[in-house]
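Report on the structure
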Amino acid sequence: MVSFNTISVIGAGAWGTALANACARAGRAVTLFGRDAAALDAMKTGGENPRLPGIRLDHTIRITDSLSNAAKADVILLVTPSQSLRAAMTALAPHVAEGTPAVICAKGIERGTHKFMTEIAADVLPQARPAMLSGPSFASDVARGLPTAVTLAAAEESLAVALTHALGSSSLRPYHTTDVRGVEIGGAVKNVLAIAAGIAAGKQLGASALAALTTRSFAELMRFGLACGARSETISGLSGLGDLILTCSSQQSRNFAFGMALGRGETFSPGILSEGQFTAPVLIEIARDKKIEMPVAQAVAHVLGGAITINEAIEMLLTRPFKAEG
């Protein structure tokens, strides 16, 4: 089995920093690339990322603002927002050697093109070997070394296995699969559905309503996944159901917190990214084209687009015709 000893993390936000810590904990030589000069200086001088206050950065991690230097690694982790992934890959492409594994850690679907993350990689980083990392995980938990399990997908099973050994440790347990599309779908769709759960919590609809909404959201996730070629076991696994449960039940989830703010009639902090905002309209466009029934996701997209109010969305969902469960 191939051994990957050097890992570069592209993106020094909270999640990128957490994964850098996790990779260092796994015994790898880690380089963390970022563009925010103030954040990089804070990490170099104080040993902490301002986006993860109170969590120490592993002292072995090398901090850099040089993309060409960061690209010189056995494995590259791409930890940027999904809508910025194409630009990040385009900038990285001239520096990446043929055959380098590029593990995408972004969760979303590109606006305009309707492309999943690995399809963007095929467009602008064709010399790399793409993989996906996704699952129920919060940056602060991973950064601290709390027990976390995720899914790592690559089309080549041997690559997926090698990457799980490179990234895994006693605190971060990756499970490997070749169902790349299934892992991509779980990460993208659950963000939209988590906004719905947050709205329900913000409107104080009760625990019973939240449980029902999460369950029906999973039915939508499964329908969408199967229609797009995912395996049912992937959608039922960590990167599907697992991630959905986590993001629909905790304010640590930015999408859930965004939904809560909407439900309460509050303004969500513009400095905090909710990927589901950008995925929602793309998701329902794909669902419409493929004739996939997704009433919860559709309600979220319509609310975000200003087509209906939250109260109208709730009424629309509650007055749908009675039907068999499925």
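Residues numbered from 1 in each chain as written. Predicted model: local features only at pLDDT ≥ 70, side-chain atom pairs only at ≥ 80, totals over all residues. Heavy atoms only, no water.

To keep it simple, the criterion reads: UniProt positions are given in the numbering used here, feature names are shortened, and annotations may be inferred rather than shown by experiment.
Going by what an unreviewed UniProt entry lists, the protein chain is known as Glycerol-3-phosphate dehydrogenase [NAD(P)+] and is assigned to Afipia carboxydohydrogena. For the record of the protein chain, the UniProt heading Subcellular location (unreviewed entry) holds the text "Cytoplasm". For the record of the protein chain, the UniProt heading Sequence similarities (unreviewed entry) holds the text "Belongs to the NAD-dependent glycerol-3-phosphate dehydrogenase family."

1. Here's the deal with the UniProt feature "binding site: NADPH" (unreviewed entry) in the protein chain
Definition in use: In this text, helices come from DSSP runs of H or I with a minimum length of four residues, and strands from runs of E with a minimum of two, each type numbered from the N-terminal end. The rule is simple: take the accessible area with a 1.4 Å probe, protein chains only, and divide by the maximum for that residue type; under 20% is buried, over 50% is exposed, in between is partly exposed. Contacts were defined at the residue level, with two residues in contact if any of their heavy atoms lie within 4.5 Å.
In this numbering, the UniProt entry assigns the feature "binding site: NADPH" (unreviewed entry) to W15, R35, K107, A139, R254, L273 and E275. Relative to the helices and strands, A139 is located in helix α6 (residues 139–144). The exposure class of A139 is buried, given its relative accessible area of 17%. When residues no more than four places from it in sequence are discounted, the contact partners of A139 are A14, W15, A18 and L52. Among the secondary structure elements, R254 is positioned in helix α12 (residues 254–264). Looking at R254, the relative accessible area reads 45%, which means it is partly exposed.

2. Here's the deal with the side chain of N49
Its location among the elements puts N49 in the loop between α2 (37–46) and β3 (62–64). Residue class for N49 comes out buried when judged on its relative accessible area of 1%. Sequence-distant contacts of N49, that is, excluding residues within four places in its chain, are made with A12, G13, T17, A39 and M43.

3. What to know about the state of the cysteines
In protein structure, a disulfide is the covalent linkage between the sulfur atoms of two cysteines. The cut-off we apply is this: Any pair of cysteine sulfurs within 2.5 Å is marked as a disulfide.
Applying the stated criterion across every chain yields a total of zero disulfides. In this structure C23 is not part of a disulfide, and its nearest cysteine sulfur, from C105, lies 8.4 Å away. Since its relative accessible area comes to 2%, C23 is described here as buried. Residue C105 is classed as buried on the basis of its relative accessible area, which comes to 5%.

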